[in-house]
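Architecture at a glance
Residues per chain are reported as follows:
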Amino acid sequence: MTQPTSDCMAVRKQDISSLPRWLTACALCLLPLLVLLPDHAGAASAPCPASVVDQLDGLYRWQVARQDERGPIDLSSQRGRFTPGLDQQLRAAHQLNPADGRFVDFDVFSGTQVRTFGARVLGCAPADQGGLEARVAVQVGLGKRPADAPVLLRYRLVAGPSGAWRIADITYPGEPAFRLSSFLSELLDIQRNGDVKR
């Protein structure tokens, strides 16, 4: 049973010794980086604080329940979930309509124009701009049938004055990815000035 293992080791040693010296040096330089990868992946998939999960779960319970309502989206019951800046942007943007020439033409909590069936918080990591970034898998689809793959959104949350986590931004997938706050800023600026800033 030990002989095949010894043969394998001999082959591996021989293969390594036959590599050019520069390639061996590069492989040795990369080894510490490979050791760090599991730790980084673990940090990215760390569980979110319970208060973050509660905040996002509550948002999506509201999102699923309100979809059959007619008329403009009323965010007043959810304003405590957002930072004051994002709340103000959301409310102003959702008051626009096609007659204004600009309006929110997708669902900001799914990044799509289809139905939301639910969402699951996958994990948290420190956000680049401070606070936490929560990865959220949003199940969407047409009619009563959810799509096979969820939409993966990234929520940036910051601690408010009372210590409660508040949503500061949402990043949507795509090439390139885009952020909700940037989209709303541009939309509202276009509305005020009547044209796109160049």
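Residues numbered from 1 in each chain as written. Predicted model: local features only at pLDDT ≥ 70, side-chain atom pairs only at ≥ 80, totals over all residues. Heavy atoms only, no water.

A residue-level look at the protein finds 73% of positions with pLDDT of 70 or above and a mean pLDDT of 79. Every residue in residues 1-43 scores below 50 in pLDDT, and together they form four contacts with partners more than four places removed in sequence or on other chains. (pLDDT = per-residue confidence, 0-100. Contact = heavy atoms within 4.5 Å.)

Moving on: the packing of aromatic side chains. Tallied over the entire structure, the rule returns eight aromatic pairs. Seen in terms of ring centroids, F106 and Y172 are 5.5 Å apart; in terms of plane orientation they differ by 85°. Their pairing is edge-to-face. Placement of the pair is F106 in the loop between helix 4 (84-94) and strand 1 (115-126) and Y172 in strand 5 (residues 165-172), with a sequence separation of 66 residues. Pair check on accessibility: F106 and Y172 agree, each one buried. (Phe/Tyr/Trp six-rings, centres within 6.5 Å; stacked < 30°, edge-to-face > 60°. Helix = DSSP H or I, 4+ residues; strand = E, 2+ residues; numbered from the N terminus. Buried < 20%, exposed > 50% of the residue type's maximum accessible area, 1.4 Å probe, protein only.)

Glancing now at the pattern of salt bridges. A full pass over the atoms with the stated rule returns six salt bridges. The closest approach of N and O atoms between D107 and R66, which form a salt bridge, is 2.5 Å. Taken together, the positions of D107 in the loop between helix 4 and strand 1 and R66 in helix 3 (residues 50-66) put the pair 41 residues apart, joining distant regions of the chain. Here the two residues D107 and R66 agree in accessibility, since each one is buried. (Salt bridge = Lys/Arg side-chain N within 4 Å of Asp/Glu carboxyl O.)

As a further point, take the state of the cysteines. Counting across every chain of the model gives one disulfide. C48 shares a disulfide with C124; S-S distance 2.0 Å. Of note, the bridge from C48 to C124 carries an S-S torsion of about 100° and is right-handed in sense. Here C48, found in the loop between helix 2 (21-44) and helix 3, pairs with C124, found in strand 1; they are 76 residues apart in sequence, far enough to count as distant. The same class applies to C48 as to C124, namely buried. (Disulfide = S-S within 2.5 Å.)

Here the focus is helix 4. Listed in full, the buried residues belonging to helix 4 are L86, D87, Q89, L90, A93 and H94. Around the axis of helix 4, the buried residues are gathered within 165° of arc, so they sit on the same side. Looking at helix 4, the residues exposed on the side facing more than 90 degrees away from the buried face are P84 and Q88. (Arc of directions from axis to C-beta.)

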